[in-house]
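Structural overview for review
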Amino acid sequence: MTMLNELIEIDKAWLLAINGAHTAWLDQIMWYISQSWFWIPLYAVLIGLLIWRFGWKKGVIYTLLLIAAVGLSDYVSSGIIKHLVCRPRPTHEPTLAGLVHIVHNYVGGRYGFVSSHAANTMSLALLFSLIWREPQPPTNKKNNHGWWLMIFVALNCYSRVYLGVHYPGDIIGGLIVGTLMALAVYGSWNLIEQAHRKRVGGEGH
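Residues numbered from 1 in each chain as written. Predicted model: local features only at pLDDT ≥ 70, side-chain atom pairs only at ≥ 80, totals over all residues. Heavy atoms only, no water.

1. Comments concerning the overall build of the protein chain
- Of regular secondary structure, the protein chain possesses six helices and zero strands.
- Sequence-ordered secondary structure for the protein chain, helices as α and strands as β, is α-α-α-α-α-α.
- Split into buried and exposed, the 205 residues of the protein chain put 44% on the buried side.
- Sequence-distant contacts, at least 24 apart, represent 80% of the contacts inside the protein chain between residues at least 6 apart.
- As presented, the protein chain carries roughly 11,300 Å² of accessible surface, and 69% of it is formed by carbon and sulfur atoms. (Helix = DSSP H or I, 4+ residues; strand = E, 2+ residues; numbered from the N terminus. Buried < 20%, exposed > 50% of the residue type's maximum accessible area, 1.4 Å probe, protein only. Contact = heavy atoms within 4.5 Å. Areas by Shrake-Rupley, 256 points an atom, 1.4 Å probe, with all protein chains shown as cover.)

2. A few points about the layout of surface pockets
- Size it by volume and the largest pocket reaches roughly 330 Å³.
- Every residue lining the largest pocket is counted, 20 residues in all, and those nearest its centre are Y43, V70, N120, L124 and F152.
- The residue makeup of the lining of the largest pocket, split by class, is 10 nonpolar, nine polar and one charged. (1 Å grid on protein atoms, 1.4 Å probe; cavity = no way out; pocket = protein on both sides within 12 Å on 5 of 7 lines; lining within 4 Å. Points joined across faces, edges and corners; volume = space filled by probe spheres on them. Nonpolar A, V, L, I, M, F, W, Y, C, P; charged D, E, K, R; others polar.)

3. Here we look at the pattern of salt bridges
- Scanning the entire structure with this criterion turns up two salt bridges.
- Residues D11 and R87 are paired through a salt bridge, measuring 3.0 Å at the closest nitrogen-oxygen approach. Of the two residues, D11 is situated in helix α1 (residues 3–20) and R87 in the loop between α3 (40–85) and α4 (116–132); the sequence distance between them amounts to 76 residues. Comparing D11 with R87, the two get one shared label, buried. (Salt bridge = Lys/Arg side-chain N within 4 Å of Asp/Glu carboxyl O.)

4. Observations regarding the packing of helix α2 (residues 24–33) against helix α5 (residues 150–162)
- At their nearest, the axes of α2 and α5 sit 9 Å apart, and the two run at 120 degrees to each other. Relative to α5, the element α2 is oriented oblique. Relative to α5, the crossing made by α2 is left-handed. Here L26, D27, M30 and I33 of α2 lie close against α5, whose contacting residues are L155, N156, Y158, S159 and Y162.
- When the residues that make up the contact of α2 with α5 are grouped by side-chain class, the tally is six nonpolar, two polar and one charged. (Axes fitted to C-alpha atoms, helices over the stretch in contact; angles between N-to-C directions. Parallel < 35°, antiparallel > 145°, perpendicular 65-115°, else oblique. Left-handed = near helix turned anticlockwise from the far one by under 90°.)

5. Points about the nonpolar core
- Formed by 42 residues in total, the largest nonpolar core has its most connected members in L50 and L127.
- Listing elements by their share of this core, those giving two or more residues are α1, α2, α3, α4, α5 and α6 (168–204).
- Considering every element that reaches this core, the biggest residue donor is α4, with 10 residues.
- Contact partners of L127, with chain neighbours within four places excluded, come to L65, L66, A69, A182, V185 and Y186.
- Among the nonpolar cores identified, the runner-up in size contains six residues, and V76, I81, V177 and M181 belong to it. (Core = buried A, V, L, I, M, F, W, Y, C linked by side-chain atoms within 4.5 Å.)

6. Describing the environment of I8
- Mapped onto the elements of the fold, I8 is located in helix α1.
- For I8, a relative accessible area of 27% puts it in the partly exposed group.
- C-alpha separation for the pair I8 and R133, spaced 125 residues apart in sequence, amounts to 38 Å.

7. So, the packing of aromatic side chains
- Applying the stated criterion to the full structure yields 12 aromatic pairs.
- Between the aromatic rings of Y158 and Y162, the centroid separation amounts to 6.3 Å while the plane-to-plane angle is 35 degrees, which identifies the pairing as tilted. Placement of the pair is Y158 and Y162 together in helix α5, with a separation of four residues, close to one helical turn.
- A relative accessible area of 35% means that Y158 is categorised as partly exposed.
- Site record: aromatic cluster; members linked through ring pairs are Y32, W37, F38, W39, Y43 and F152. (Phe/Tyr/Trp six-rings, centres within 6.5 Å; stacked < 30°, edge-to-face > 60°.)

Here it is in structure tokens:
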């Protein structure tokens with residue numbers, strides 16, 4: 001057995017272990033956690049926090065950056081990688097038929113690698129955390145309290161495996177994509193801000 005085959009078998013074993021540890025009440029909780037609309041109040045709170053901490057102008061700009069990061073993550077994961085790799089979801093894998101516990105007949109789309117849920121939530125959480133660290137006057141101290149959003153990421157990712165629509169490997173791949181997209185947007189914004197400061201400084205002279 002090759003190393004790739006071994007990793008695939010480990011992936012399946014972890015999937016069945018998590019998906020198999022189900023109960024009726026947990027089915028309902030994980031079903032709701034996995035729905036994008038369930039988190040709308042959280043998104044509203046995050047926007048409110050950005051405006052409260054940074055003011056309307058920066059708050060709106062940072063909100064647009066979050067939207068851009070999530071949009072990129074979703075496009076790269078669902079629009080590109082899934083169609084290049086073409087790895088069937090567990091719920092569409094013939095060898096797992098009858099082994100995967102399905103909730104509310106939800107089986108997802110045909111392909112699962114990488115998880116767009118993992119990519120999108122990681123992108124949002126990481127970029128928000130990086131933005132939240134930005135020092136603000138009068139103290140100019142960094143605020144590292146944005147990392148609590150990783151709980152939001154963990155719950156989403158676990159729910160996807162629990163519901164049987166993603167392998168753990170799909171989740172790991174999605175987390176990597178989300179991390180890269182968040183860093184790309186954050187780095188690009190920093191470059192734009194630096195260029196703006198230099199231009200303003202030059203005009204001041």
